Amino acid sequence: MKKQYDQIKKSLDVIFEKIEKISKDINIKAVGEAVSEVKNKFCNNIFYLVILGQFKRGKSTFTNYMLGADVLPTGVVPLTSVITKIQYSTDIWAKVLYDDGRSENIDIKELDLYCTEKNNPKNIKGVKEIHIGYPFEFISNDVVIIDTPGIGSVYKHNTDVAYSYINKADAVIFLLSVDPPISELEKEFLSKISENVNKIFFVLNKIDYVNEMELKEIVNFNENIVREITKNNNISIYPISAKLALEGKISKDNKAIEKSGTQKLENDLQNFLIKEKEKVLLESYAKNIERIISMCQTFFESSIKLKQIPLERLESNIKSFENFIKEVEKSKKEISLLFQGDMKNILQNFDKKMEEYKQFISIRVSEKIKEYYHSIRDFSRINQKKELEKYFERAIIEEFEKLKGHIERDIEEQYSKALSNYLLRLNAVIDEIKTVANELFGINLEYFKSVGGITAESKFTYKIGYDVGALEIDPVYFTYFLPKKFAGKIILKRILDRVDIDVDRNIGRIRYDLLTRIEESFSEFEKDMNFKLQTMYDTIKELLAKSIKDYKFDRNSFEREKAYYQTLLKDIEKIREELEHVLNMLK
């Protein structure tokens, strides 16, 4: 089998060299980057095991479990849009690669300075990737583990980077968790992954949060959804606790490792890497070559079709396209208005639940304060007041944090549904642009699709208590004239009277925070969409301008270039046939 795989690899190398040579005649950045990446990856026989999933699913903790150590930063805040590549090494090292081509060796303990939003907000340091060398145990030496940013976090650039790595993956570990269930955003993401990657390991994390009966129900629920999305009934989900597994590996606690449920995943992953990895790597190599072939073919076909349109008709079609774009802009505004209506509905739904939220928290906080007061009633009046105020602040923040998490998940789910509808409409417009561009000019645009979530950062802070003014006397001092028993009741009542006021105030602050974030998110998303649409328009205009220039200034050169492109297209067809033959050998 190895001999056959070696022969297939040599055949693919020959095909790649041919398409690489043709790609140099195009001189388009996207094609050049694709060629360079494929060349670097497959010449070195590197296997990319990519970890993908939604924000808060525990991807970095899972990666740390695979390494058997706390290497990558983790926490409640998202990482940046930086890709982290981890390869086997007997030495421990880390290197930062920047967008401008620079690289810098760093201490592995300083990773958080480069790959967290706290220390590198929106990747202002211009970090392209972080490479890590580490002596991990159960993964093959030629496997590179790639930790990607989570989709659907408060930072849209993270989602974009995660999507961009789908085509580069040889195999994927897709991370779900028991809280909350699979979202609409994840379904869309998984659908894209299953179209492009043959081997996916589905991992359900955080099983230590639920009991056995709940876990069984969650696993069945997720398996049914995953089978429906992937159109594959032969899938299974690995329920694990990455946190328990990591703790067990660090402390060498076999019971914790066993309880984490990771053994079956490790065994199946190792078996796959031993028995199937070589075949999957070759399939991935062939798939990437095919992608470059398609990019080259699209460019040449579009250029030739443009050169076959008579000048008068070309100029007339350009005017028609400009009028069409004006209609597109109107449609886009209508879609935006519909989406803004959906956002208003989200806030109205929140407003309907506000009284219920306020009542629930007020009761919970009041009960906690009353219960706590019994433990401090022997304190002095001043200390009673101080301790009750401190406890009141802790209690209200604790209850609000629980509620805020629930509210954010609910809002995110509603927002994702509204956004999915918006994207469906907008992608229909994009498809129409592509169709019209193809009909008028024969230009075949690469498929364009957008995703999104709530992208603005929360600026929410709690507001609790009141300030005593310079001329205002704190009422606690009057209690010195009363018996201690009555004084304590007055102090307690004064704190309890503040509960409804502070609950109402902080619910209002949550509402304002959500409103601001939704508005900022849509504004950022719309800006991004406008930029991408403008890029499409500019691509078309650039091709059209070049064709008109060729028509007007140098007819002989124009015809020679067209003939040359036609020759290259024939060469591409032969290369595609060779690739098909190699793919048949892999089956």
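Higher on the page you've got the structure.
Residues numbered from 1 in each chain as written. Predicted model: local features only at pLDDT ≥ 70, side-chain atom pairs only at ≥ 80, totals over all residues. Heavy atoms only, no water.

Some details on the overall build of the protein chain
Looking only at helices and strands, the protein chain features 15 helices and 9 strands. Residues classed as buried in the protein chain amount to 50% of the 587 residues present. A fraction of 81% describes how many contacts in the protein chain between residues 6 or more apart in sequence connect residues 24 or more apart. (Helix = DSSP H or I, 4+ residues; strand = E, 2+ residues; numbered from the N terminus. Buried < 20%, exposed > 50% of the residue type's maximum accessible area, 1.4 Å probe, protein only. Contact = heavy atoms within 4.5 Å.)

With respect to the nonpolar core
In this structure, Phe62, Leu111, Ile132, Ile173 and Phe300 are the most contacted members of the largest nonpolar core, which totals 75 residues. The element contributing the most residues to this core is helix α11 (residues 277-308), with 13 residues. Those residues in contact with Leu111 that lie beyond four places of it in its chain are Val71, Leu72, Pro73, Ala94, Ile106, Ile130 and Ile132. In this structure, Phe324, Val328, Leu403 and Phe441 belong to the second largest nonpolar core, which totals 61 residues. (Core = buried A, V, L, I, M, F, W, Y, C linked by side-chain atoms within 4.5 Å.)

Overview of the packing of helix α6 (residues 184-196) against helix α7 (residues 212-230)
Packing of α6 against α7 brings their axes to within 9 Å, and their N-to-C directions diverge by 50 degrees. Looking at the two axes, α6 sits oblique to α7. When the axes of α6 and α7 are compared, the crossing they make is right-handed. The segment α6 lies against α7, with Lys187, Leu190, Ser191 and Ser194 engaging Ile225, Val226, Ile229 and Thr230. Along the lines of polarity and charge, the residues of the contact of α6 with α7 split into 4 nonpolar, 3 polar and 1 charged. (Axes fitted to C-alpha atoms, helices over the stretch in contact; angles between N-to-C directions. Parallel < 35°, antiparallel > 145°, perpendicular 65-115°, else oblique. Left-handed = near helix turned anticlockwise from the far one by under 90°. Nonpolar A, V, L, I, M, F, W, Y, C, P; charged D, E, K, R; others polar.)

Some details on the sheet that holds strand β9 (residues 237-239)
Read from one edge of the open sheet, 9 strands run β4-β3-β5-β2-β6-β1-β7-β8-β9, paired in mixed fashion. The outermost strands of the open sheet, each flanked by one partner alone, are β4 (103-106) and β9. Averaged over all neighbouring strand pairs, the angle between strand axes comes to 25 degrees, with direction disregarded. (Pairing = 2+ DSSP bridges.)

Describing the pattern of salt bridges
Going through the model one piece at a time under the given rule, you end up with 24 salt bridges. Across the pair Glu290 and Arg576 runs a salt bridge whose closest N-O atoms are separated by 3.9 Å. Residue Glu290 is located in helix α11, and its partner Arg576 is located in helix α15 (residues 555-586); the two are separated by 286 residues in the primary sequence. Taking relative accessible area as the criterion, Arg576 reaches 19% and is therefore assigned buried. It is possible to trace a salt-bridge network through shared partners that takes in Arg364, Lys368, Glu398 and Glu399. (Salt bridge = Lys/Arg side-chain N within 4 Å of Asp/Glu carboxyl O.)

So, the packing of aromatic side chains
Using the criterion set out here, one finds 15 aromatic pairs in the structure. Ring centres of Tyr372 and Tyr391 lie 4.1 Å apart, and the angle between their planes is 10 degrees; on these two criteria the pair is classed as stacked. On the criterion of sequence distance, the pair formed by Tyr372 in helix α12 (residues 311-373) and Tyr391 in helix α13 (residues 381-441) is long-range, its members being 19 residues apart. Tyr391 carries the same exposure label as Tyr372, and that label is buried. Pairing Tyr564 with Tyr565 gives two aromatic rings, centres 6.5 Å apart and planes at 40 degrees, and the pair type is tilted. With relative accessibility at 39%, the residue Tyr564 sits in the partly exposed group. Here a set of aromatic residues connected by ring pairs shows up, and it is made of Phe47, Phe201, Tyr238 and Phe272. Directly above the aromatic system of Phe201 lies the positively charged group of Lys199, at a separation of 5.0 Å from the ring centroid. (Phe/Tyr/Trp six-rings, centres within 6.5 Å; stacked < 30°, edge-to-face > 60°. Lys NZ or Arg CZ within 6 Å of the ring centre and 35° of its normal.)

Some thoughts on unusual backbone geometry
The backbone of Lys231 shows a phi angle near 55 degrees, a positive value even though the residue is not glycine. Tracing the sequence through the fold places Lys231 in the loop between α7 and β9. By relative accessible area, which is 74% here, Lys231 ends up exposed. With a phi angle near 55 degrees, Lys252 is a residue other than glycine that sits in the positive phi range. Turning to its location among the elements, Lys252 is positioned in the loop between α8 (242-251) and α9 (254-260). Residue classification places Lys252 among the exposed positions, given a relative accessible area of 71%.

Thoughts on the pairing of strand β2 (residues 83-88)
The sheet contact formed by β2 and strand β5 (residues 127-134) spans 6 bridges and is parallel. Looking at the pairing, Lys85 lines up with His131 of β5. Bridge analysis of β2 against strand β6 (residues 143-147) gives 3 bridges, and the strand direction is antiparallel. Residue pairing for β6: Ile86 is matched across the bridge by Ile145.

Comments concerning α12
Taking 1.5 Å of rise per residue, the 63 residues of α12 would be expected to cover 93 Å, and the 88 Å separating its terminal C-alpha atoms lies within 8% of that figure. Along its length, α12 reaches its greatest deviation from straightness, about 40 degrees, at Lys353. (Expected span 1.5 Å × (residues − 1). Bend = angle between axes of the 7 residues up to and from the residue.)

Overview of the side chain of Lys206
Topologically, Lys206 is positioned in the loop between β8 (199-205) and α7. Setting aside residues no more than four positions away along its own chain, Lys206 makes contact with Lys56, Arg57, Gly58, Ser177, Val178, Asp179, Ile240 and Ser241.

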